[in-house]
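Here is how the chains run, residue by residue.
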Amino acid sequence: MRSKKYVLSTLLLLFPLLLAAHGVSASDQELLNNGGLLSYIYVGAKHMITGYDHLLFLAGVIFYLKGFKDIVRFITVFTIGHSITLIGATYLGIKANEHLVDAVIALSVLYKGFENLGGFEKYIKVKSPNLLLMVLIFGLIHGFGLSTRLQSFDVGTSQFLSKIVCFNIGVELGQVLALIPIVFIISFWKSKRSYKAFYKAANLYLIIAGMGLFLYQLYGYFNGH
(Lines give C-alpha, C1' and ligand atoms only; values in the text may rest on other atoms or scores of the structure.)
Protein backbone atom coordinates (compact mmCIF):
# COMPACT_ATOMS: atom_id res chain seq x y z
CA MET A 1 0.00 0.00 0.00
CA ARG A 2 2.85 2.36 0.84
CA SER A 3 4.58 1.71 -2.50
CA LYS A 4 1.29 2.33 -4.33
CA LYS A 5 0.84 5.68 -2.59
CA TYR A 6 4.46 6.59 -3.32
CA VAL A 7 4.13 5.82 -7.02
CA LEU A 8 0.82 7.67 -7.34
CA SER A 9 2.16 10.72 -5.47
CA THR A 10 5.21 10.84 -7.76
CA LEU A 11 3.03 10.63 -10.86
CA LEU A 12 0.69 13.35 -9.62
CA LEU A 13 3.66 15.68 -9.21
CA LEU A 14 4.23 15.35 -12.95
CA PHE A 15 0.66 16.40 -13.84
CA PRO A 16 1.43 20.14 -14.26
CA LEU A 17 3.93 19.22 -16.99
CA LEU A 18 1.11 17.71 -19.02
CA LEU A 19 -0.76 20.99 -19.14
CA ALA A 20 2.19 22.57 -20.93
CA ALA A 21 2.55 19.76 -23.45
CA HIS A 22 3.75 20.31 -27.03
CA GLY A 23 2.80 23.86 -27.85
CA VAL A 24 3.74 25.80 -30.99
CA SER A 25 6.63 28.16 -30.27
CA ALA A 26 8.09 31.13 -32.12
CA SER A 27 11.54 29.55 -31.87
CA ASP A 28 10.30 26.46 -33.69
CA GLN A 29 8.78 28.64 -36.40
CA GLU A 30 12.07 30.45 -36.84
CA LEU A 31 13.91 27.15 -37.05
CA LEU A 32 11.51 25.91 -39.74
CA ASN A 33 11.97 29.14 -41.67
CA ASN A 34 15.76 28.82 -41.78
CA GLY A 35 16.61 25.14 -41.29
CA GLY A 36 15.34 23.38 -44.40
CA LEU A 37 13.76 19.93 -44.42
CA LEU A 38 15.94 18.63 -41.58
CA SER A 39 14.39 21.22 -39.29
CA TYR A 40 10.98 19.62 -39.89
CA ILE A 41 12.37 16.29 -38.76
CA TYR A 42 13.79 17.93 -35.64
CA VAL A 43 10.59 19.82 -34.77
CA GLY A 44 8.50 16.69 -35.41
CA ALA A 45 10.68 14.66 -33.06
CA LYS A 46 10.64 17.40 -30.45
CA HIS A 47 6.88 17.67 -30.69
CA MET A 48 6.38 13.94 -30.13
CA ILE A 49 8.84 13.72 -27.24
CA THR A 50 7.01 16.56 -25.48
CA GLY A 51 3.60 15.25 -26.56
CA TYR A 52 2.71 13.78 -23.19
CA ASP A 53 -0.86 12.93 -24.19
CA HIS A 54 0.40 10.77 -27.09
CA LEU A 55 3.00 9.08 -24.91
CA LEU A 56 0.62 8.44 -22.02
CA PHE A 57 -1.74 6.65 -24.38
CA LEU A 58 1.12 4.54 -25.77
CA ALA A 59 2.32 3.73 -22.24
CA GLY A 60 -1.18 2.53 -21.46
CA VAL A 61 -1.12 0.29 -24.54
CA ILE A 62 2.29 -1.14 -23.59
CA PHE A 63 1.02 -2.01 -20.10
CA TYR A 64 -1.52 -4.29 -21.74
CA LEU A 65 0.87 -6.11 -24.05
CA LYS A 66 3.09 -9.13 -23.57
CA GLY A 67 6.34 -9.55 -25.46
CA PHE A 68 8.34 -7.49 -27.91
CA LYS A 69 6.49 -8.77 -31.01
CA ASP A 70 3.19 -7.64 -29.51
CA ILE A 71 4.60 -4.17 -28.81
CA VAL A 72 5.97 -3.83 -32.35
CA ARG A 73 2.64 -4.92 -33.86
CA PHE A 74 0.52 -2.49 -31.91
CA ILE A 75 2.91 0.45 -32.22
CA THR A 76 3.08 -0.18 -35.97
CA VAL A 77 -0.73 0.00 -36.22
CA PHE A 78 -0.73 3.21 -34.17
CA THR A 79 2.01 4.65 -36.41
CA ILE A 80 0.09 3.79 -39.57
CA GLY A 81 -3.03 5.44 -38.14
CA HIS A 82 -1.43 8.72 -37.13
CA SER A 83 0.68 8.89 -40.30
CA ILE A 84 -2.46 8.65 -42.46
CA THR A 85 -4.18 11.60 -40.81
CA LEU A 86 -1.04 13.64 -40.16
CA ILE A 87 0.04 13.57 -43.81
CA GLY A 88 -3.43 13.44 -45.36
CA ALA A 89 -5.14 16.14 -43.30
CA THR A 90 -2.19 18.51 -43.54
CA TYR A 91 -1.78 18.06 -47.29
CA LEU A 92 -5.51 18.52 -47.93
CA GLY A 93 -5.77 21.43 -45.49
CA ILE A 94 -8.38 19.71 -43.30
CA LYS A 95 -8.52 21.61 -40.04
CA ALA A 96 -10.33 21.44 -36.71
CA ASN A 97 -10.07 23.32 -33.45
CA GLU A 98 -6.94 22.00 -31.75
CA HIS A 99 -8.53 22.11 -28.30
CA LEU A 100 -11.38 19.84 -29.39
CA VAL A 101 -9.03 17.38 -31.08
CA ASP A 102 -6.75 17.34 -28.04
CA ALA A 103 -9.80 16.83 -25.81
CA VAL A 104 -10.58 13.61 -27.70
CA ILE A 105 -6.92 12.59 -27.42
CA ALA A 106 -7.16 13.18 -23.66
CA LEU A 107 -10.15 10.84 -23.56
CA SER A 108 -8.04 8.17 -25.28
CA VAL A 109 -5.63 8.36 -22.32
CA LEU A 110 -8.53 8.03 -19.87
CA TYR A 111 -9.93 5.16 -21.96
CA LYS A 112 -6.70 3.17 -21.82
CA GLY A 113 -6.29 3.51 -18.07
CA PHE A 114 -9.94 2.53 -17.57
CA GLU A 115 -9.57 -0.50 -19.83
CA ASN A 116 -6.31 -1.62 -18.20
CA LEU A 117 -7.99 -1.60 -14.78
CA GLY A 118 -10.79 -3.82 -16.11
CA GLY A 119 -13.31 -1.01 -16.12
CA PHE A 120 -15.42 -2.39 -18.97
CA GLU A 121 -15.94 -5.74 -17.23
CA LYS A 122 -16.32 -4.31 -13.71
CA TYR A 123 -18.56 -1.31 -14.30
CA ILE A 124 -20.19 -1.67 -17.73
CA LYS A 125 -20.37 -5.48 -17.72
CA VAL A 126 -19.18 -5.81 -21.30
CA LYS A 127 -16.03 -7.14 -22.91
CA SER A 128 -13.37 -4.59 -23.82
CA PRO A 129 -13.40 -3.54 -27.51
CA ASN A 130 -10.79 -5.08 -29.79
CA LEU A 131 -7.57 -3.37 -28.76
CA LEU A 132 -5.87 -3.46 -32.16
CA LEU A 133 -8.89 -1.76 -33.76
CA MET A 134 -9.06 0.85 -31.00
CA VAL A 135 -5.33 1.57 -31.34
CA LEU A 136 -5.85 2.18 -35.07
CA ILE A 137 -8.84 4.48 -34.42
CA PHE A 138 -7.02 6.44 -31.74
CA GLY A 139 -3.94 6.55 -33.97
CA LEU A 140 -6.03 8.32 -36.63
CA ILE A 141 -7.25 10.81 -34.01
CA HIS A 142 -3.76 11.40 -32.60
CA GLY A 143 -2.49 11.99 -36.13
CA PHE A 144 -5.17 14.59 -36.70
CA GLY A 145 -4.00 16.32 -33.54
CA LEU A 146 -0.44 16.33 -34.86
CA SER A 147 -1.75 17.75 -38.14
CA THR A 148 -3.47 20.64 -36.34
CA ARG A 149 -0.14 21.47 -34.72
CA LEU A 150 1.78 21.34 -38.00
CA GLN A 151 -0.86 23.50 -39.69
CA SER A 152 -0.36 26.09 -36.94
CA PHE A 153 3.08 26.72 -38.43
CA ASP A 154 3.69 28.74 -41.56
CA VAL A 155 5.19 26.06 -43.82
CA GLY A 156 4.80 27.95 -47.09
CA THR A 157 4.09 26.26 -50.41
CA SER A 158 7.59 25.25 -51.54
CA GLN A 159 8.33 21.51 -50.99
CA PHE A 160 5.01 21.33 -49.15
CA LEU A 161 4.59 17.54 -49.21
CA SER A 162 8.27 16.96 -48.43
CA LYS A 163 7.96 19.16 -45.34
CA ILE A 164 4.93 17.22 -44.15
CA VAL A 165 6.66 13.88 -44.68
CA CYS A 166 9.81 15.10 -42.89
CA PHE A 167 7.73 16.28 -39.94
CA ASN A 168 6.09 12.84 -39.86
CA ILE A 169 9.50 11.14 -39.97
CA GLY A 170 10.54 13.29 -37.02
CA VAL A 171 7.41 12.26 -35.14
CA GLU A 172 8.29 8.59 -35.69
CA LEU A 173 11.86 9.12 -34.50
CA GLY A 174 10.64 11.00 -31.45
CA GLN A 175 8.15 8.25 -30.72
CA VAL A 176 10.85 5.58 -30.81
CA LEU A 177 13.18 7.62 -28.59
CA ALA A 178 10.40 8.23 -26.06
CA LEU A 179 9.16 4.63 -26.06
CA ILE A 180 12.56 3.09 -25.31
CA PRO A 181 12.65 4.24 -21.66
CA ILE A 182 8.89 3.62 -21.26
CA VAL A 183 9.22 0.01 -22.42
CA PHE A 184 12.36 -0.44 -20.30
CA ILE A 185 10.73 0.88 -17.11
CA ILE A 186 7.55 -1.17 -17.50
CA SER A 187 9.50 -4.33 -18.42
CA PHE A 188 11.92 -3.81 -15.53
CA TRP A 189 9.12 -3.25 -13.02
CA LYS A 190 7.29 -6.43 -14.08
CA SER A 191 9.94 -8.47 -12.26
CA LYS A 192 9.43 -6.56 -9.00
CA ARG A 193 7.07 -7.41 -6.16
CA SER A 194 5.67 -3.87 -6.30
CA TYR A 195 4.57 -4.23 -9.96
CA LYS A 196 0.92 -4.85 -9.11
CA ALA A 197 0.81 -1.65 -7.06
CA PHE A 198 2.74 0.21 -9.76
CA TYR A 199 0.34 -1.07 -12.45
CA LYS A 200 -2.75 0.05 -10.54
CA ALA A 201 -1.28 3.42 -9.57
CA ALA A 202 0.03 4.19 -13.07
CA ASN A 203 -3.26 3.32 -14.77
CA LEU A 204 -5.24 5.26 -12.18
CA TYR A 205 -2.97 8.16 -13.06
CA LEU A 206 -3.83 7.70 -16.74
CA ILE A 207 -7.49 8.14 -15.82
CA ILE A 208 -6.78 11.23 -13.71
CA ALA A 209 -4.44 12.74 -16.31
CA GLY A 210 -6.87 12.02 -19.14
CA MET A 211 -9.73 13.68 -17.30
CA GLY A 212 -7.56 16.64 -16.30
CA LEU A 213 -6.31 17.16 -19.85
CA PHE A 214 -9.86 16.82 -21.19
CA LEU A 215 -11.16 19.54 -18.87
CA TYR A 216 -8.12 21.71 -19.61
CA GLN A 217 -8.73 21.50 -23.36
CA LEU A 218 -12.43 22.29 -22.94
CA TYR A 219 -11.46 25.30 -20.84
CA GLY A 220 -9.09 26.42 -23.62
CA TYR A 221 -11.82 25.96 -26.23
CA PHE A 222 -14.53 27.89 -24.42
CA ASN A 223 -12.17 30.67 -23.35
CA GLY A 224 -10.46 31.05 -26.73
CA HIS A 225 -6.95 30.21 -25.46
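Up top is the structure.
These lines cover the structure that appears in this document, whether it is placed above or below. (Residues numbered from 1 in each chain as written. Predicted model: local features only at pLDDT ≥ 70, side-chain atom pairs only at ≥ 80, totals over all residues. Heavy atoms only, no water.)

### Comments concerning the pattern of salt bridges
All told, the structure shown has five salt bridges when counted by the stated rule. Its salt-bridge partner being E98, residue R149 comes within 3.7 Å of it at the nearest N-O pair. Of the two residues, R149 sits in helix α9 (residues 131-150) while E98 sits in helix α7 (residues 98-116), which places them 51 residues apart along the sequence. We classify E98 as partly exposed; its relative accessible area is 28%. K112 serves as the salt-bridge partner of E115, at 2.7 Å between the closest nitrogen and oxygen. Here E115 and its partner K112 are both found in helix α7, three residues apart, which amounts to about one turn of the helix. You'll find E115 and K112 in the same group, each marked buried. Via salt bridges that share partners, E98, D102 and R149 belong to a single interconnected network. (Salt bridge = Lys/Arg side-chain N within 4 Å of Asp/Glu carboxyl O. Helix = DSSP H or I, 4+ residues; strand = E, 2+ residues; numbered from the N terminus. Buried < 20%, exposed > 50% of the residue type's maximum accessible area, 1.4 Å probe, protein only.)

### Regarding the packing of α7 against α9
α9 packs onto α7 with a crossing angle of 150° between their chain directions and a minimal axis gap of 9 Å. Put simply, α7 runs roughly antiparallel to α9. You can see that α7 and α9 cross each other, and the crossing is left-handed. Listed contacts from α9 to E98, V101, D102, V104, I105, S108, Y111, K112 and E115 of α7 are L131, M134, F138, I141, H142, F144, G145, T148 and R149. (Axes fitted to C-alpha atoms, helices over the stretch in contact; angles between N-to-C directions. Parallel < 35°, antiparallel > 145°, perpendicular 65-115°, else oblique. Left-handed = near helix turned anticlockwise from the far one by under 90°. Contact = heavy atoms within 4.5 Å.)

### Observations concerning the packing of aromatic side chains
Counted under the stated rule, the structure contains 14 aromatic pairs. Relative to F138, the ring of F57 lies with its centre 5.3 Å away and its plane at 70°, an arrangement referred to as edge-to-face. Note that F57 is positioned in helix α5 (residues 52-64) and F138 in helix α9, a separation of 81 residues in sequence. The class for F57 is buried, based on a relative accessible area of 1%. When its relative accessible area of 9% is taken as the criterion, F138 is described as buried. Ring centres of F184 and F188 lie 6.2 Å apart, and the angle between their planes is 15°; on these two criteria the pair is classed as stacked. Residue F184 and its partner F188 are both found in helix α10 (residues 160-189); the two are separated by four residues, about one turn of the helix. F184 gets classed as exposed once you look at its relative accessible area, which sits at 57%. Aromatic ring contacts, followed pair by pair, group F57, F78, Y111, F114, F120, Y123 and F138 into a single cluster. (Phe/Tyr/Trp six-rings, centres within 6.5 Å; stacked < 30°, edge-to-face > 60°.)

### Things to note about helix α6 (residues 68-92)
Here α6 is 25 residues long and its end C-alpha atoms lie 36 Å apart, about the 36 Å a rise of 1.5 Å per residue gives. Phi turns positive, to about 70°, at G93, one or two residues after α6. (Expected span 1.5 Å × (residues − 1).)

### So, the packing of α5 against α9
Contact pair α5 / α9: the axes reach a minimum separation of 11 Å and the direction vectors enclose 170°. When the interaxial angle is binned, α5 and α9 end up roughly antiparallel. Taken together, the residues of α9 that come into contact with α5 (itself represented by D53, H54, F57, V61 and Y64) are L131, V135, F138, H142 and L146. The residue makeup of the contact of α5 with α9, split by class, is seven nonpolar, two polar and one charged. (Nonpolar A, V, L, I, M, F, W, Y, C, P; charged D, E, K, R; others polar.)

### Some remarks on the side chain of Q175
Within the secondary structure layout, Q175 lies in helix α10. On the basis of relative accessible area, Q175 is assigned to the buried category, the value being 2%. Only 2.9 Å separates the side chain of Q175 from the side chain of T79, close enough to count as a polar contact. Those residues in contact with Q175 that lie beyond four places of it in its chain are M48, L58, I75, F78, T79 and H82. (Polar contact = N/O pair within 3.5 Å; in protein donor to acceptor, adjacent residues only side chain to side chain.)

### Side note on the nonpolar core
Counting residues in each nonpolar core, the largest one holds 45 residues, and the members touching the most others are L58 and L150. Sorting the residues of this core by element identifies α4 (36-49), α5, α6, α7, α9, α10 and α11 (195-222) as the ones contributing at least two each. (Core = buried A, V, L, I, M, F, W, Y, C linked by side-chain atoms within 4.5 Å.)

### Considerations on the side chain of K112
What makes K112 buried here is its relative accessible area of 1%. Ignoring any residue separated from it by four or fewer positions in sequence, one finds K112 in contact with F57, G60, V61, Y64, L131 and N203.

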